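# Residue-level structural notes
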Amino acid sequence: MPCRIIEISTPAQIAEFAAWSAGRFAPDEAREAKVEDVVRGIIRAVRERGDTALVEYTRSFDCDSFDLSMLRVPDESIQSAMAAVPDKDLEILAEAAENVRDFHQRQVQQSWMTTREDGTVLGQLVRPVDRVGLYVPGGTGGQTPLISSLIMNAVPAQVAGVSEIAVVTPPRKDGTINPHILATAGMLGISEIYAAGSAWAIAALALGTEIVHPVDVIAGPGNLYVTTAKRLLMGKVGIDMLAGPSEITVLADDSANPSWLAADMLSQAEHDTLAAAILVTASRDLAERVKDELERQVKSLPRHDIAAAALKDWGSIVLVPNLDVGLGLVNAIAPEHLELAVADAWSLLGKVRHAGAVFLGNHCPEAVGDYFAGPNHVLPTTRTARFASALSVETFCKKTSLVATSCAYVSDNAAKIARLARLEGLEAHARSAEIRTNR
């Protein structure tokens, strides 16, 4: 049985289920402490020995013949990759990137200023950061590169106006980078690429080495070591988010196709044994049919073992008395991906409070968002959709407040400012306002 069926109808049961689902995020303190110790050592080594440490770690874990000359990928390798990748692939990548660019251009915020009647000017400057580092996992042995991740992270940074983008990605055993990663970078106009992975690549981006210049923001997914490095270096450098395992919740009615729903659930289950795939429905018949489809479809997946384990441990088909109760459960889960596989999805959208991304209708699988439609696929997980948002242009921007006041304004308000300052015990603050009234 790859996925259990349970029934939920009360607020208490909803809370219990949400807590159970969140249990997959419960830290293994012993393991995390061990990983953190290792990562702290890596960060210290990169801080103290720079490129030498990068070469040593890369030799140990990725390519035993790696040397310093292989760290920065030459422009010729990028051009060769663009020539080697099939034109059809490049066309698809270019179209996907254009969709992502069009969507994110609508997120651009403008600087603004306003002038009050007394002449006071207030405002906000919106500026991109100067330099961004992007981590791109190479996939299994460099054979399943996360090219969509490169697009989803690089394009918003470009739309924001970031002038320098550096990419780090682990090399394959022969020291090369998967040509699809290089070709995608070349298509996006990115030429600064380093053959380095894991926590040492994150440390290099944050701290800088002789060859790798430090960045202002780091974005991109990775394993526990990458995530731990980002967490430990947060504050020294900006990061996108601390993402957890993938997750999907599908709210469905009798209009849904059970084979489609099973395929959508498996699209997330195949990511990770900790991935969560949940179907919520008021239809017992649909629940049983989806369960049968999951059992049938999972057998033919190349990542069968991963998907089956995820379904067994963290998958669920939840029967609810009606869709309103189902929406209550959805909001309690606050999923990364939410599919509304119902006859009238738009009528339910206003009741969705917490979700990283919402896919409306029976003809909108989550995969269109992962790769092609345009919205970003870097989304809040682990119930953080209650307060967090997708990666966006804003991830790569900063905002500076503007204040311009006149002599009259300070004179008129100095006593008030001084009173507030003295309530906080800050006499110098008070005097800095009052001194301007002494003519």
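Residues numbered from 1 in each chain as written. Predicted model: local features only at pLDDT ≥ 70, side-chain atom pairs only at ≥ 80, totals over all residues. Heavy atoms only, no water.

Counting its secondary structure elements, the chain contains 17 helices and 14 strands. Dimensions of the chain along its principal axes, counting C-alpha atoms only, are 85 × 60 × 45 Å. Within the chain, the fraction of its 439 residues that count as buried is 47%. Within the chain, contacts between residues at least 6 apart in sequence are counted, and of these 75% link residues at least 24 apart. Summing over all exposed atoms, the chain offers an accessible surface of approximately 21000 Å²; the carbon and sulfur share of this is 52%. Averaged over its 40 positive side-chain charges, the chain has a centre that lies 7 Å from the centre of its 54 negative ones. (Helix = DSSP H or I, 4+ residues; strand = E, 2+ residues; numbered from the N terminus. Buried < 20%, exposed > 50% of the residue type's maximum accessible area, 1.4 Å probe, protein only. Contact = heavy atoms within 4.5 Å. Areas by Shrake-Rupley, 256 points an atom, 1.4 Å probe, with all protein chains shown as cover. Lys, Arg positive; Asp, Glu negative; His and termini not counted. Charge placed at Lys NZ, Arg CZ, Asp CG, Glu CD.)

Another aspect to go through is the pairing of strand β2 (residues 112–115). When β2 meets strand β3 (residues 121–128), the two strands line up antiparallel, connected through 4 bridges. In the sheet register, Met113 faces β3, and the bridge partner there is Gly123. Where β2 hands over to β3, the hairpin turn is made up of 5 residues, of which Gly119 adopts a positive phi near 95°. (Pairing = 2+ DSSP bridges.)

On inspection of all chains with the given rule, the structure shows 16 salt bridges. A salt bridge links Arg131 to Glu192, with the nearest nitrogen and oxygen atoms 2.6 Å apart. Pair noted here: Arg131 is in strand β4 (residues 131–135) and Glu192 is in strand β6 (residues 192–195), with a separation of 61 residues, a long-range link. Residue Arg422 is joined to Glu434 by a salt bridge in which the shortest nitrogen-to-oxygen separation is 2.8 Å. Of this pair, Arg422 sits in helix α16 (residues 407–423) while Glu434 is found in helix α17 (residues 427–434), placing the two residues 12 residues apart along the sequence. (Salt bridge = Lys/Arg side-chain N within 4 Å of Asp/Glu carboxyl O.)

All right, on to the sheet that holds strand β8 (residues 238–239) then. Within the open sheet, the 5 strands sit side by side as β6-β5-β4-β7-β8. Their pairing is parallel. In this open sheet, the two edge strands, each paired with only one partner strand, are β6 and β8. As judged from the 2 bridges shared by strand β7 (residues 217–219) and β8, these two strands associate in the parallel manner. Considered in β8, the bridge of Val217 is made with Gly238.

Glancing now at the packing of aromatic side chains. Evaluation of the coordinates by the stated rule reveals 4 aromatic pairs. Their ring planes at 45° and their centres at 5.3 Å tell us that Phe17 and Trp20 sit as a pair that is tilted. In this pair, Phe17 and Trp20 are both assigned in helix α1 (residues 11–22), 3 residues apart and thus about one turn of the helix distant. Relative accessible area serves as the criterion here: at 27%, Trp20 is assigned to the partly exposed category. Members of the aromatic cluster, each reached through a chain of ring pairs, are Phe17, Trp20 and Trp314. Stacked on the ring of Trp20, the Lys or Arg Arg4 has its end atom at 4.1 Å from the ring centre. (Phe/Tyr/Trp six-rings, centres within 6.5 Å; stacked < 30°, edge-to-face > 60°. Lys NZ or Arg CZ within 6 Å of the ring centre and 35° of its normal.)

Counting residues in hydrophobic clusters, the biggest one holds 76 residues, and the most contacted among them are Val46, Leu134, Leu150, Val162, Leu188, Leu233 and Phe396. The leading source of residues in this core is helix α8 (residues 198–207), at 9 residues. If sequence neighbours within four positions are ignored, Leu150 has contacts with Leu134, Val136, Val167, Ile181, Thr184, Ala185 and Leu188. If you look at the next biggest cluster of nonpolar residues, it comprises 25 residues, including Leu261, Ala275, Leu286 and Leu294. (Core = buried A, V, L, I, M, F, W, Y, C linked by side-chain atoms within 4.5 Å.)

With that settled, consider the packing of helix α4 (residues 75–84) against helix α7 (residues 179–187). At their nearest, the axes of α4 and α7 sit 8 Å apart, and the two run at 100° to each other. Our classification of the angle between α4 and α7 gives roughly perpendicular. Residues Ser77, Ile78, Ala81 and Met82 of α4 pack against Pro179, Leu182, Ala183, Gly186 and Met187 of α7. Looking at the contact of α4 with α7 residue by residue, the class counts come to 7 nonpolar, 2 polar and no charged. (Axes fitted to C-alpha atoms, helices over the stretch in contact; angles between N-to-C directions. Parallel < 35°, antiparallel > 145°, perpendicular 65-115°, else oblique. Nonpolar A, V, L, I, M, F, W, Y, C, P; charged D, E, K, R; others polar.)

Let's shift gears to the side chain of Asp370. With respect to the helices, strands and loops of the structure, Asp370 is situated in helix α15 (residues 366–371). With sequence-adjacent residues up to four places away left out, Asp370 is seen in contact with Ser148, Met152, Gln268, His337 and His377.

The next thing to look at is the sheet that holds β3. As summarised here, the arrangement of the 3 strands in space is β2-β3-β14, forming an open sheet in which the pairing is antiparallel. Edge strands, defined here as strands with exactly one partner in the open sheet, are β2 and β14 (397–404). Taken pair by pair, the neighbouring strands of this sheet meet at an average axis angle of 15°, ignoring direction. Relative to β14, β3 runs antiparallel, the two being bridged by 8 bridges. Note on β14: the bridge partner recorded for Val121 is Ala404.

Taken together, Ile92, Tyr371 and Phe372 make up a surface patch of nonpolar side chains, about 300 Å² in accessible area. With respect to the helices, strands and loops of the structure, Tyr371 is situated in helix α15. Accessibility expressed as a relative area gives 53% for Tyr371, which makes it exposed. (Patch = residues over 30% accessible without salt bridge, like charges linked within 9 Å, V, L, I, M, F, W, Y side chains within 5 Å.)

What follows deals with the environment of Asp174. Of note, Asp174 is situated in the loop between β5 (164–169) and α7. Note: C-alpha distance between Asp174 and Phe66 (108 residues apart in sequence) is 8.2 Å. If we ignore the near neighbours within four places in the chain, the residues touching Asp174 are Cys63 and Met70. Polar side-chain contacts of Asp174 include one of 2.6 Å to the side chain of Thr176. (Polar contact = N/O pair within 3.5 Å; in protein donor to acceptor, adjacent residues only side chain to side chain.)

So, on to unusual backbone geometry. Even without glycine at this site, Ala334 takes up a positive phi of about 50°. Inspection of the secondary structure assignment puts Ala334 in the loop between α13 (323–333) and β12 (337–341). Note on Ala334: relative accessible area 0%, which makes it buried. With a phi close to 50°, Thr382 is a non-glycine residue in the positive phi region.

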